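# Descriptive analysis of the structure
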Amino acid sequence: MSLRDAIAKQHDAAEKHPLTAVMMAGDLTPQAYADLLANQMIVYQAIEAKASFFGIDKGLLGYERAQLMADDLLELSEMLGGLEIQASKATAEQRAHIDGLDLDGVIANIYVNHMADMYGGQILKDKLPGDCRRYDFENRGELVSSIRLMLKDEMAKEAKLAFDYTLKLFDDVANKHGISAS
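The structure contained in this document is the topic of the report that follows. (Residues numbered from 1 in each chain as written. Predicted model: local features only at pLDDT ≥ 70, side-chain atom pairs only at ≥ 80, totals over all residues. Heavy atoms only, no water.)

### Observations regarding the overall build of the protein
Using the following cut-off: Secondary structure elements follow DSSP: runs of H or I of four or more residues count as helices, runs of E of two or more count as strands, with numbering from the N terminus. With the radius of gyration taken over C-alpha atoms, the globule rule is written as 2.2 Å times the number of residues to the power 0.38. Remark: exposure states derive from per-residue accessible area (1.4 Å probe, protein chains only) relative to the maximum for the residue type, with buried under 20%, exposed over 50%, and partly exposed in between. Only heavy atoms matter for contacts: two residues are in contact if any of them lie within 4.5 Å across the pair. Working definition of accessibility: Shrake-Rupley area with a 1.4 Å probe, residue cover restricted to the visible protein chains. A positive count includes Lys and Arg, and a negative count includes Asp and Glu. His and the chain ends are not counted in either. Every charge is mapped onto a representative atom, which is NZ of Lys, CZ of Arg, CG of Asp or CD of Glu.
Scanning the protein from N- to C-terminus turns up 10 helices and 0 strands. Written out in order from the N terminus, the α and β elements of the protein read α-α-α-α-α-α-α-α-α-α. Over its C-alpha trace the protein gives a radius of gyration of 15 Å, about what one expects of a compact globule, namely 16 Å for 182 residues. Each principal axis of the C-alpha distribution contributes one length, and for the protein these read about 40 × 30 × 30 Å. Across the 182 residues that make up the protein, the buried fraction comes to 46%. Considering only intrachain contacts with a sequence separation of at least 6, the fraction spanning at least 24 residues in the protein is 84%. Carbon and sulfur atoms form 52% of the exposed surface of the protein, whose accessible area is close to 9100 Å². Within the protein, the 29 negative side-chain charges are centred at a point lying 5 Å from the centre of the 19 positive side-chain charges.

Here is the structure:
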């Protein structure tokens, strides 16, 4: 089974999640987006640090999103007159998990997270509060090709787990902000 097929169930669940529906409708509040973004930034910082440790970041120039997320978060903070954000339980668990990943595990997490920004993020960037710099890529096609070249079907277990963490974060943010299926 291909990696893409192996994660299809989790991918579909993320696309059908109530939080995704609110984002797609352009109705996510700046505070809810700030909560989501801050938690995602923590995860991306961990992934990108591990990618740097293994040296794979050198072959993925321009893939880094954590600093752009920080810039977007600062913009949201200014918009809202400040932010008080706490890492969700799902984020804390995922952060700890990422610390123990091997090279293939890091690549699987880049595939799930960063590729989402290169695809779904392109649809969302005009529907979310702020400038959403994190979704701007100068070399998107090249990055997609470079990431795909690193993928192995054996990464399926870790990719599924990365999606599961994302779904838990979506649940946490949706619950905190009263977002439910309509």
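Moving on from the coordinates now.
### Focus: the pattern of salt bridges
Defined as follows: Note on definitions: salt bridges are taken to be side-chain nitrogens of Lys or Arg within 4 Å of carboxyl oxygens of Asp or Glu.
This structure, assessed with the given rule, holds 9 salt bridges. A salt bridge links Lys168 to Glu93, with the shortest nitrogen-to-oxygen separation between them at 3.9 Å. Note that Lys168 is positioned in helix α10 (residues 156–176) and Glu93 in helix α6 (residues 89–99), a separation of 75 residues in sequence. Where Asp117 meets Arg134, a salt bridge forms, and the shortest distance between an N and an O atom there is 2.9 Å. Of the two residues, Asp117 sits in helix α7 (residues 103–118) while Arg134 sits in the loop between α8 (120–124) and α9 (140–150), which places them 17 residues apart along the sequence. Residues Asp117 and Arg134 agree in their burial class; the two are buried.

### Some remarks on the nonpolar core
Keep this limit in mind: We call a set of buried residues a nonpolar core when its members are Ala, Val, Leu, Ile, Met, Phe, Trp, Tyr or Cys and they connect through side-chain atoms within 4.5 Å of each other.
In this structure, Val106, Ile110 and Met118 are the most contacted members of the largest nonpolar core, which totals 31 residues. Those elements that provide at least two residues to this core are α1 (3–6), α4 (30–54), α7, α9 and α10. Ranked by residue count, the leading element in this core is α7, at 8 residues. The contacts of Val106, once residues within four sequence positions are left out, are Ile47, Lys50, Ala51, Phe54, Ile56 and Leu101. Membership of the second largest hydrophobic core comes to 24 residues, among which are Leu19, Leu37, Cys132 and Ile179.

### Describing α9
For an α-helix, 3.6 residues make a turn, and residues three or four places apart therefore share a direction. Quick reminder of the rule: It is the directions from the helix axis to the C-beta atoms whose arc is reported.
Taken together, the buried positions of α9 are occupied by Leu143, Val144 and Ile147. Within α9, the buried residues cover an arc of 100 degrees as seen down the axis, which keeps them to one side. Of the exposed residues in α9, those oriented more than 90 degrees away from the buried face are Glu142 and Leu149. Where α9 is buried, its residues touch α7.

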